[in-house]
Amino acid sequence: MLCAGMIRGDLSEYNILLVADGPVIIDLPQAFDAACNNEAASMLKRDVDNLAAYFGRFAPQILTAGYGMEIWTLFEAGRLHVDAELTGRVEVDTGPVDLEGVLRELEETRLEEDARVWRQQEQSAAHAAR
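Quantities reported herein were computed from a predicted structural model and do not represent experimental measurements. For every chain, the first residue of the written sequence is number 1, and numbering continues from 1 onward in sequence order. This being a predicted model, a pLDDT of at least 70 is required before a residue's local features are given, and a value of 80 or more before pairs of side-chain atoms are given or counted; all residues contribute to the totals for chains, interfaces and linings. No hydrogens and no water enter the side-chain calculation; it runs on all heavy atoms of the structure.

**Re unusual backbone geometry**
Right, on to step 1. Of note, Asp10 is a non-glycine position whose phi angle comes to about 60°, a positive value.
Right, on to step 2. Numbered from the N terminus, helices here are DSSP runs of H or I no shorter than four residues, and strands are runs of E no shorter than two. Mapped onto the secondary structure, Asp10 falls in the loop between β1 (6-7) and β2 (16-19).
Right, on to step 3. Here's how the labels work: a residue is buried when its accessible area is under 20% of the maximum for its type, exposed when over 50%, partly exposed in between, all with a 1.4 Å probe on protein chains only. Judged by its relative accessible area of 41%, Asp10 is partly exposed.
Right, on to step 4. A positive phi angle, near 60°, is found at Asp27, a position not held by glycine.
Right, on to step 5. Within the secondary structure layout, Asp27 lies in the loop between β3 (22-25) and β4 (32-33).
Right, on to step 6. Residue Asp27 is classed as partly exposed on the basis of its relative accessible area, which comes to 46%.

What follows is the structure, given as structure tokens:
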């Protein structure tokens, strides 16, 4: 679902049917657009953890895997696709944050927005003068 930009929310083994073509997720009223929700990453992780807890009874090795984090990391990087081979491991960057770079980018964005607003005001004033 995340390849299509959606997260189920509250996914469990009870929301998955196995049909001839593979699994089908049902009962979707809680599904949402991952790009429009600040809690998307944690909700995806919760969904994956719910499934791991259930299926881990049959395959204990998935209980310690980090599939949710790996899937989200691939999604954020634009590299998630239906045939992505998952390992259950993800490397977390623990290096120092480039705070000056972040602040510089924020300032550049602010200046671009100021210029856009100024252009919009100029166009509105020119249009009103006609």
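**Points about the state of the cysteines**
Right, on to step 1. Counting rule for disulfides: a pair of cysteine sulfur atoms within 2.5 Å. Scanning the model with the defined rule gives zero disulfides in all.
Right, on to step 2. The cysteine Cys3 is free of any disulfide, with Cys36 supplying the nearest cysteine sulfur at 17 Å.
Right, on to step 3. Judged by its relative accessible area of 41%, Cys3 falls in the partly exposed class.

**Let's talk about a nonpolar patch on the surface**
Right, on to step 1. The grouping of Val97, Leu99, Val102, Leu103 and Leu106 at the surface amounts to a nonpolar patch, some 500 Å² of accessible area in total.
Right, on to step 2. Tracing the backbone through its elements, the reader meets Leu103 in helix α3 (residues 99-129).
Right, on to step 3. We classify Leu103 as partly exposed; its relative accessible area is 48%. Here, patches come from residues exposed beyond 30% relative accessible area and free of salt bridges, joined within 9 Å for like charges and within 5 Å for nonpolar side chains (Val, Leu, Ile, Met, Phe, Trp, Tyr). Accessibility throughout is a Shrake-Rupley quantity obtained with a 1.4 Å probe, and a residue counts as covered only by protein chains that appear here. What counts as a salt bridge is simple: a side-chain nitrogen of Lys or Arg found within 4 Å of a carboxyl oxygen of Asp or Glu.

This is a description of form; function is not addressed.
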